[in-house]
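Per-entry structural report
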Amino acid sequence: MDTGYVGVLTLRLEMPWVSNLKEKRALVRPVVERLKVRYPVTVARLDGLDAHDWELIGVTTISNDHEWIEQTLRMASDYVAAGGEYRVADEEVVICAISDLLGDAGDDPDDDA
(Lines give C-alpha, C1' and ligand atoms only; values in the text may rest on other atoms or scores of the structure.)
Protein backbone atom coordinates (compact mmCIF):
# COMPACT_ATOMS: atom_id res chain seq x y z
CA MET A 1 0.00 0.00 0.00
CA ASP A 2 1.34 3.44 -0.95
CA THR A 3 1.51 5.78 2.02
CA GLY A 4 2.40 8.86 0.00
CA TYR A 5 3.92 10.33 -3.09
CA VAL A 6 6.75 12.66 -4.03
CA GLY A 7 6.35 14.90 -7.05
CA VAL A 8 9.17 16.63 -8.89
CA LEU A 9 8.83 19.25 -11.61
CA THR A 10 11.89 20.40 -13.53
CA LEU A 11 11.79 23.46 -15.76
CA ARG A 12 14.50 24.66 -18.12
CA LEU A 13 14.29 28.43 -18.42
CA GLU A 14 16.01 30.06 -21.39
CA MET A 15 16.96 33.72 -21.72
CA PRO A 16 19.19 34.00 -24.82
CA TRP A 17 18.97 37.80 -24.75
CA VAL A 18 20.53 38.00 -21.26
CA SER A 19 24.20 38.92 -21.35
CA ASN A 20 25.40 38.37 -17.77
CA LEU A 21 24.79 36.32 -14.62
CA LYS A 22 23.59 39.28 -12.56
CA GLU A 23 20.83 40.02 -15.06
CA LYS A 24 19.82 36.34 -15.17
CA ARG A 25 19.66 36.08 -11.37
CA ALA A 26 17.44 39.16 -11.34
CA LEU A 27 14.98 37.26 -13.55
CA VAL A 28 15.16 33.81 -11.95
CA ARG A 29 15.51 34.51 -8.23
CA PRO A 30 12.16 36.35 -7.84
CA VAL A 31 10.16 33.56 -9.47
CA VAL A 32 11.88 30.95 -7.28
CA GLU A 33 11.09 32.95 -4.13
CA ARG A 34 7.47 33.63 -5.17
CA LEU A 35 6.89 29.92 -5.87
CA LYS A 36 7.98 29.06 -2.32
CA VAL A 37 5.55 31.59 -0.86
CA ARG A 38 2.61 30.91 -3.16
CA TYR A 39 2.61 27.08 -3.21
CA PRO A 40 3.45 24.30 -0.71
CA VAL A 41 6.63 23.37 -2.56
CA THR A 42 10.38 23.39 -2.21
CA VAL A 43 12.26 25.05 -5.06
CA ALA A 44 15.93 24.84 -6.02
CA ARG A 45 18.13 26.19 -8.76
CA LEU A 46 19.65 22.95 -10.08
CA ASP A 47 21.82 23.63 -13.10
CA GLY A 48 23.02 26.39 -15.37
CA LEU A 49 24.09 28.55 -12.44
CA ASP A 50 27.22 29.66 -14.29
CA ALA A 51 25.49 30.09 -17.65
CA HIS A 52 24.00 33.46 -18.44
CA ASP A 53 21.34 32.29 -20.89
CA TRP A 54 19.61 29.32 -19.23
CA GLU A 55 18.86 27.70 -15.89
CA LEU A 56 17.21 24.52 -14.63
CA ILE A 57 14.94 24.82 -11.61
CA GLY A 58 13.39 21.99 -9.63
CA VAL A 59 10.10 22.10 -7.74
CA THR A 60 9.06 19.32 -5.38
CA THR A 61 6.24 18.48 -3.02
CA ILE A 62 5.05 15.50 -1.01
CA SER A 63 1.54 14.30 -0.11
CA ASN A 64 -0.62 11.23 0.36
CA ASP A 65 -2.80 12.42 -2.57
CA HIS A 66 -1.42 11.76 -6.08
CA GLU A 67 -3.99 14.05 -7.74
CA TRP A 68 -3.18 16.91 -5.37
CA ILE A 69 0.51 16.64 -6.30
CA GLU A 70 -0.35 16.70 -10.00
CA GLN A 71 -2.51 19.80 -9.56
CA THR A 72 0.02 21.60 -7.38
CA LEU A 73 2.89 21.00 -9.79
CA ARG A 74 0.70 22.01 -12.76
CA MET A 75 -0.20 25.29 -11.01
CA ALA A 76 3.46 25.91 -10.21
CA SER A 77 4.42 25.24 -13.84
CA ASP A 78 1.72 27.55 -15.16
CA TYR A 79 2.80 30.23 -12.69
CA VAL A 80 6.43 30.05 -13.82
CA ALA A 81 5.45 30.06 -17.51
CA ALA A 82 3.32 33.17 -17.07
CA GLY A 83 5.59 35.04 -14.72
CA GLY A 84 8.88 36.09 -16.19
CA GLU A 85 11.04 37.42 -18.95
CA TYR A 86 12.25 33.98 -19.98
CA ARG A 87 11.01 31.07 -22.03
CA VAL A 88 10.20 27.65 -20.55
CA ALA A 89 12.07 25.45 -23.02
CA ASP A 90 11.51 22.10 -21.33
CA GLU A 91 9.35 20.72 -18.56
CA GLU A 92 9.21 17.32 -16.89
CA VAL A 93 7.00 15.99 -14.11
CA VAL A 94 7.73 12.79 -12.20
CA ILE A 95 5.53 11.47 -9.40
CA CYS A 96 6.70 8.43 -7.44
CA ALA A 97 5.24 6.45 -4.58
CA ILE A 98 7.38 6.83 -1.48
CA SER A 99 7.43 3.06 -1.09
CA ASP A 100 9.04 2.76 -4.54
CA LEU A 101 11.75 5.20 -3.52
CA LEU A 102 12.48 3.51 -0.21
CA GLY A 103 12.34 -0.08 -1.42
CA ASP A 104 13.01 -2.50 1.45
CA ALA A 105 14.22 0.34 3.66
CA GLY A 106 10.61 1.51 4.03
CA ASP A 107 9.35 -1.83 5.39
CA ASP A 108 7.86 -1.72 8.84
CA PRO A 109 10.16 -3.65 11.23
CA ASP A 110 7.09 -4.81 13.17
CA ASP A 111 5.86 -6.73 10.09
CA ASP A 112 8.53 -9.42 10.60
CA ALA A 113 6.55 -11.08 13.39
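Here's a quick rundown of the structure.

About the criteria used
Residues numbered from 1 in each chain as written. Predicted model: local features only at pLDDT ≥ 70, side-chain atom pairs only at ≥ 80, totals over all residues. Heavy atoms only, no water. Salt bridge = Lys/Arg side-chain N within 4 Å of Asp/Glu carboxyl O. Helix = DSSP H or I, 4+ residues; strand = E, 2+ residues; numbered from the N terminus. Core = buried A, V, L, I, M, F, W, Y, C linked by side-chain atoms within 4.5 Å. Buried < 20%, exposed > 50% of the residue type's maximum accessible area, 1.4 Å probe, protein only. Contact = heavy atoms within 4.5 Å. Phe/Tyr/Trp six-rings, centres within 6.5 Å; stacked < 30°, edge-to-face > 60°. Expected span 1.5 Å × (residues − 1). Arc of directions from axis to C-beta. Pairing = 2+ DSSP bridges. Axes fitted to C-alpha atoms, helices over the stretch in contact; angles between N-to-C directions.

Our next topic: the pattern of salt bridges. Using the criterion set out here, one finds 7 salt bridges in the structure. The salt bridge partner of Glu 14 is Arg 87, with a shortest N-O separation of 2.4 Å. Here the residue Glu 14 occupies a position in strand β1 (residues 5–14), and Arg 87 occupies one in strand β4 (residues 87–97), the gap between them amounting to 73 residues. The salt bridge involving Arg 45 is made with Glu 55; its shortest N-O contact spans 2.3 Å. Placement of Arg 45 in strand β2 (residues 42–47) and of Glu 55 in strand β3 (residues 54–63) is noted, with a sequence separation of 10 residues between them.

Turning our attention to the nonpolar core. Of all hydrophobic cores here, the largest spans 23 residues; its most connected members are Leu 13, Met 15, Leu 35, Ile 57, Val 59 and Val 80. Not counting the four nearest positions on each side in its chain, Val 59 is found in contact with Gly 7, Val 8, Leu 9, Leu 35, Val 41, Thr 42, Val 43, Leu 73 and Ala 76.

So, on to the packing of aromatic side chains. Enumeration according to the criterion identifies 1 aromatic pair in this entry. Relative to Tyr 79, the ring of Tyr 39 lies with its centre 5.9 Å away and its plane at 75 degrees, an arrangement referred to as edge-to-face. Note that Tyr 39 is positioned in the loop between α1 (21–38) and β2 and Tyr 79 in helix α2 (residues 66–82), a separation of 40 residues in sequence. Both residues of the pair, Tyr 39 and Tyr 79, belong to the buried class.

Attention now goes to α2. Look at α2: 25 Å from first C-alpha to last across 17 residues, which is about the 24 Å you get at 1.5 Å a residue. For α2, the complete set of buried residues consists of Ile 69, Thr 72, Leu 73, Ala 76, Ser 77, Tyr 79 and Val 80. Buried residues of α2, viewed axially, fall in a sector of 160 degrees; they line one side. Exposed side chains of α2 directed beyond 90 degrees from the buried face belong to Glu 67 and Ala 82.

What follows deals with the sheet that holds β2. The strand order across the open sheet built from 4 strands is β2-β3-β1-β4, with neighbouring strands paired in antiparallel fashion. Only two strands of the sheet have a single partner each, and these edge strands are β2 and β4. Adjacent strand axes in the sheet meet at a mean angle of 20 degrees, parallel and antiparallel pairs treated alike. Across 5 bridges, the pairing between β2 and β3 is antiparallel. Residue pairing in the sheet places Thr 42 in a bridge with Thr 60 of β3.

As a further point, take the environment of Met 75. Secondary-structure assignment places Met 75 in helix α2. In this structure the C-alpha to C-alpha distance between Met 75 and Leu 35, which are 40 residues apart in sequence, comes to 9.9 Å.

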